[in-house]
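# Architecture at a glance
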Amino acid sequence: NVNSCFYHQEIDTNVFSQSIVPDKKQISSFVIGLPDEEVFFKYKEALNEFTFTAYASKYAPFISTIKELSDKISECDYVLNHKPRADGFGHILYSSAFVGRPLLINFNDYRDKLGGELLIDGVTAIDISSRTTAQNVELIRKSNPKQMGLNIAKRVRELVDYETEAQNIKNFLSNLS
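What you see is a predicted model, and the numbers here were worked out from it, not measured in a lab.

## So, the overall build of the protein chain
- From N to C terminus, the protein chain includes six helices and five strands.
- Counting from the amino terminus, helix and strand elements in the protein chain follow one another as β-α-β-α-β-α-β-β-α-α-α.
- Computed over its C-alpha atoms, the radius of gyration of the protein chain comes to 17 Å, within 12% of the 16 Å expected for a compact globule of 177 residues.
- Considered along the principal axes of its C-alpha atoms, the protein chain spans approximately 60 × 30 × 30 Å.
- Residue burial in the protein chain is summarised as follows: out of 177 residues, 44% are buried.
- Expressed as a percentage of contacts within the protein chain between residues at least 6 apart in sequence, the contacts between residues at least 24 apart total 71%.
- Accessible surface, the protein chain as shown: approximately 9,300 Å² in total, 50% of it carbon and sulfur.
- Between the centroid of the 20 positive side chains of the protein chain and the centroid of its 23 negative side chains there is a distance of 3 Å.

## Describing the pattern of salt bridges
- In the structure shown here, the tally under the stated rule is seven salt bridges.
- Between Arg141 and Glu49 there is a salt bridge, with the nearest N and O atoms lying 2.6 Å from each other. In this pair, Arg141 is assigned in helix H4 (residues 133-142) and Glu49 in the loop between helix H1 (37-46) and strand E2 (51-54), connecting sequence segments 92 residues apart.
- Between Glu75 and Lys72 there is a salt bridge, with its nearest N and O atoms 3.9 Å apart.
- Exposure remark for Glu75: the relative accessible area of 32% places this residue in the partly exposed category.
- A relative accessible area of 22% means that Lys72 is categorised as partly exposed.
- Overlapping salt bridges bring together Glu49, Glu138 and Arg141 as one network.

## Regarding empty space enclosed by the protein
- Counted according to the given criterion, the structure contains one cavity of 30 Å³ or more.
- Approximately 40 Å³ is the volume attributed to the largest cavity.
- Contributing to the lining of the largest cavity are Ser29, Leu34, Asp36, Val39, Phe40, Leu80, Asn81 and His82.
- Grouping the amino acids of the lining of the largest cavity by side-chain chemistry returns four nonpolar, three polar and one charged.

## Remarks on the environment of Pro35
- Note on placement: Pro35 falls in the loop between strand E1 (26-29) and H1.
- A sequence separation of 49 residues divides Pro35 from Pro84, and the C-alpha atoms of the two residues are 7.4 Å apart.
- Once residues within four sequence positions are removed from consideration, Pro35 is found in contact with His82 and Pro84.

## Considering the layout of surface pockets
- Of the voids in this model, the largest pocket is the one considered here, and its volume is about 430 Å³.
- In terms of lining residues, the largest pocket is bounded by 20 residues, among which Phe30, Ile32, Ala56, His91 and Ile92 are the most central.
- Every element with two or more residues in the lining of the largest pocket is listed here: helix H2 (66-74) and helix H3 (91-99).
- Per-element accounting of the lining of the largest pocket gives the leading share, three residues, to H3.

Quick notes on the rules
- Residues numbered from 1 in each chain as written.
- Predicted model: local features only at pLDDT ≥ 70, side-chain atom pairs only at ≥ 80, totals over all residues.
- Heavy atoms only, no water.
- Helix = DSSP H or I, 4+ residues; strand = E, 2+ residues; numbered from the N terminus.
- Rg over C-alpha atoms; globule rule 2.2 N^0.38 Å.
- Buried < 20%, exposed > 50% of the residue type's maximum accessible area, 1.4 Å probe, protein only.
- Contact = heavy atoms within 4.5 Å.
- Areas by Shrake-Rupley, 256 points an atom, 1.4 Å probe, with all protein chains shown as cover.
- Lys, Arg positive; Asp, Glu negative; His and termini not counted.
- Charge placed at Lys NZ, Arg CZ, Asp CG, Glu CD.
- Salt bridge = Lys/Arg side-chain N within 4 Å of Asp/Glu carboxyl O.
- 1 Å grid on protein atoms, 1.4 Å probe; cavity = no way out; pocket = protein on both sides within 12 Å on 5 of 7 lines; lining within 4 Å.
- Points joined across faces, edges and corners; volume = space filled by probe spheres on them.
- Nonpolar A, V, L, I, M, F, W, Y, C, P; charged D, E, K, R; others polar.

So, in structure tokens, the structure goes:
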């Protein structure tokens with residue numbers, strides 16, 4: 001019998017609040033250091049009707065506050081979150097979900113990890129690992145980021161209840177012997 005208790009990383013939902021996808025043809029990455037530049041630039045070249053920005057990397061200005069991060073997520077149609085060897089807690093995934101931004105993501109990076117619970121291919125995100133780049137480009141062009149944004153915002157609110165999780169931790173701690 002293992003003593004453990006589960007809790008989602010807390011995201012300030014007053015700052016990361018849902019908004020409608022702006023239809024700006026903007027795809028942004030917020031992965032620190034852009035660990036797989038090849039994927040970013042491959043999609044940037046293939047989806048040249050979109051503006052691509054790689055925040056938290058040498059290719060864009062540094063984001064210095066949580067409010068600024070929320071604003072930058074709100075400005076895009078999709079969040080590209082390609083993060084090989086991800087820890088799986090998914091701060092950017094959950095922040096993007098609370099804002100209502102669909103993800104372009106390698107589902108394998110989050111398989112059997114916490115962030116994976118948000119990912120439904122074609123509904124809340126596009127799994128860039130399950131198809132060719134050309135197939136993904138067509139899917140991105142045909143998809144409806146506004147609807148996907150509504151879907152992921154609904155999903156995160158179904159999955160994350162900080163009040164209940166806090167009470168579970170209190171109960172867990174009171175039962176330790």
